[in-house]
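Structural overview for review
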Amino acid sequence: MPPSLARLLQDFSPGEYAISTSPFAGESWLAVDGSLFRLQTSGMGIWPVAEKIPIDALPREPEISADFAWNNEYYEALLQTDGMLRIGDAVLGELRVYAENGDTYSDERGNLLGVMLPVNPPRIIESSARHAILEFECAWRGQDAWVSARIRLILDPSPLLRWQIDLDSSGADLGVEMRFETARQGEVWVGMPFDLVQRPEVDADLLPRKPSPELSSILLGQRELGEVRTFPFHELVAISDQQSTSVVFARGLHAYRAEAGTLSLTLRRSIEWLTRADLEFRVGDAGPFFMCRMRAVSAKYATSWLSPCCPILPIRWRCKP
């Protein structure tokens, strides 16, 4: 334990506490050392643990032969044997593989190559009276490329559903997206470093390939053509209607597409060109034409659905004798 934290706790009674670095009130659940902790804080500071539940000891990881149901006071979810998670009309978590014809600076998504399907039934790797963690593998294989993923789904009493994805791939000119079909039509809101902004699904307000001579004399570098459908985000993307909001929090490449109530997050762009010439939807370039061969890639991603999480850390405090 850092000396500064021990100094703060020196007048506290022995027990288990949560330390929060957020100025906002928050509640979260966290599994640590064989117990599930309910952490409830009212801002920045140190707070007693609200609840502690023992985690069941599993002699082995039981496989689930049928759809797995989970419910709490916020939602009713059904994990299907095909790896999709259903909440009402929403279908969450599908991994799709597309052809990718772009370079480092511009994406040019091609045809759908396939959907990653489970290679084994989901299995329960941890559970208690209030939470469950399920894990399964899925894969896609093409003629000269393959993608595999180990997916861990974390369910607890909070309104937050969490995926942890370990993604491996081999091959070039392909992309992997995670889809969230929200079954909701509304405005798209995006978290950016200093603001929350509203965006259209498509930006078609672009200059033609051959602009006027006046503009041609001042335009330098690359620019997109036709329309832009892939946009950046920072931490969250949401679809909001007049009644409610569906939110996706994610770490990774920070790129998304939105279309007719479906949010697609880019998990992987396996491309071989730093800058590529003669792209269909881009003119100009942002650097030298340069190929960088990298055909095998591994990465980890964390994705959450529906609710924000607060930075809360559980700690145990024992007074020195």
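That block above? That's the structure.
How each quantity is defined
- Residues numbered from 1 in each chain as written.
- Predicted model: local features only at pLDDT ≥ 70, side-chain atom pairs only at ≥ 80, totals over all residues.
- Heavy atoms only, no water.
- Helix = DSSP H or I, 4+ residues; strand = E, 2+ residues; numbered from the N terminus.
- Buried < 20%, exposed > 50% of the residue type's maximum accessible area, 1.4 Å probe, protein only.
- Contact = heavy atoms within 4.5 Å.
- 1 Å grid on protein atoms, 1.4 Å probe; cavity = no way out; pocket = protein on both sides within 12 Å on 5 of 7 lines; lining within 4 Å.
- Points joined across faces, edges and corners; volume = space filled by probe spheres on them.
- Nonpolar A, V, L, I, M, F, W, Y, C, P; charged D, E, K, R; others polar.
- Pairing = 2+ DSSP bridges.
- Axes fitted to C-alpha atoms, helices over the stretch in contact; angles between N-to-C directions.
- Salt bridge = Lys/Arg side-chain N within 4 Å of Asp/Glu carboxyl O.
- Core = buried A, V, L, I, M, F, W, Y, C linked by side-chain atoms within 4.5 Å.
- Phe/Tyr/Trp six-rings, centres within 6.5 Å; stacked < 30°, edge-to-face > 60°.

Further remarks concern the overall build of the protein. When helices and strands are counted, the protein shows 2 helices and 29 strands. The buried share among the 321 residues of the protein stands at 43%. In the protein, the proportion of contacts linking residues at least 24 apart, taken out of those at least 6 apart, comes to 61%.

Attention shifts here to unusual backbone geometry. In this model, Asp 173 sits at a positive phi of 60°, which is unusual for a non-glycine residue. The residue Asp 173 is located in the loop between strand S15 (161–170) and strand S16 (174–181) in this model. Residue Asp 173 is classed as partly exposed on the basis of its relative accessible area of 28%. Even without being glycine, Ala 183 reaches a positive phi, approximately 55°.

All right, on to empty space enclosed by the protein then. Take a probe with the size of a water molecule and roll it over the atoms, and the empty space left behind shows itself. In the structure shown here, the tally under the stated rule is 3 cavities of 30 Å³ or more. Space inside the largest cavity adds up to approximately 90 Å³. What lines the largest cavity is a set of 13 residues, and nearest its centre among them are Glu 100, Arg 109, Glu 177, Thr 266 and Arg 269. Those elements giving two or more residues to the lining of the largest cavity turn out to be strand S9 (90–100), S16 and strand S24 (262–270). Considered class by class, the residues forming the lining of the largest cavity number 3 nonpolar, 3 polar and 7 charged.

Here we take up the sheet that holds strand S2 (residues 25–32). A sheet is described by the order of its strands in space; here 3 strands give the open sequence S2-S3-S5, paired in antiparallel fashion. Bordering the open sheet on either side are S2 and strand S5 (51–54), each of which pairs with just one other strand. Neighbour to neighbour, the strand axes of the sheet diverge by 15° on average, direction disregarded. Here strand S3 (residues 35–42) pairs with S5 via 4 bridges, running antiparallel. Bridging from a neighbouring strand, Arg 38 pairs with Glu 51 of S5.

This part covers the pattern of salt bridges. Following the criterion strictly, the structure yields 17 salt bridges and no others. Residue Glu 16 pairs with Lys 52 through a salt bridge whose shortest N-O separation is 3.1 Å. Separated by 36 residues along the polypeptide, Glu 16 in strand S1 (residues 15–20) and Lys 52 in strand S5 bring together distant segments of the chain. Given a relative accessible area of 22%, Glu 16 falls into the partly exposed group. Taking the shortest distance from any N to any O, the salt bridge between Arg 130 and Glu 51 comes out at 3.3 Å. Of this pair, Arg 130 sits in the loop between strand S12 (123–127) and strand S13 (132–141) while Glu 51 sits in strand S5, placing them 79 residues apart in sequence. Accessibility expressed as a relative area gives 31% for Arg 130, which makes it partly exposed. A relative accessible area of 26% means that Glu 51 is categorised as partly exposed. Connected through shared salt-bridge partners, Arg 123, Glu 135, Glu 137, Arg 150 and Arg 152 make up one network.

A few words on the nonpolar core. Counting residues in hydrophobic clusters, the biggest one holds 47 residues, and the most contacted among them are Phe 68, Met 116, Trp 163 and Tyr 256. Contacts of Met 116, omitting those with residues within four sequence positions, involve Leu 95, Val 97, Cys 138, Ala 139, Trp 140, Val 147, Ser 148, Ala 149, Leu 167 and Val 176. Within the second largest apolar cluster, 5 residues are counted, among which are Leu 5, Leu 9, Tyr 17 and Ile 46.

As a further point, take the environment of Gly 114. Examined against the element boundaries, Gly 114 turns out to sit in strand S10 (residues 109–115). The buried category is assigned to Gly 114, whose relative accessible area is 14%. Once residues lying within four places of it in the same chain are set aside, the contact partners of Gly 114 are Arg 96, Val 97 and Trp 140.

In this model, the second largest pocket occupies a volume close to 580 Å³. Taken together, 24 residues make up the lining of the second largest pocket; nearest its centre are Ser 106, Asp 107, Glu 108, Arg 229 and Thr 230. Of all the secondary structure elements, the ones that give two or more residues to the lining of the second largest pocket are S10, strand S20 (231–232), strand S23 (255–259) and S24. For the lining of the second largest pocket, the per-class residue count stands at 7 nonpolar, 7 polar and 10 charged.

We now examine the packing of aromatic side chains. Throughout the structure, instances matching the rule amount to 4 aromatic pairs. Summarising the aromatic geometry, the rings of Phe 12 and Tyr 17 are spaced 5.2 Å apart at their centres and angled 90° between planes, so their arrangement reads as edge-to-face. You can call Tyr 17 buried: its relative accessible area is 8%. Here the aromatic rings of Phe 231 and Tyr 256 are separated by 6.0 Å at their centres, their planes lie at 35°, and the arrangement is tilted. Of this pair, Phe 231 sits in strand S20 while Tyr 256 sits in strand S23; the two residues are 25 residues apart in sequence, bridging distant segments of the chain. Both residues of the pair, Phe 231 and Tyr 256, count as buried.

On their own, these measurements won't tell you what the molecule is for.
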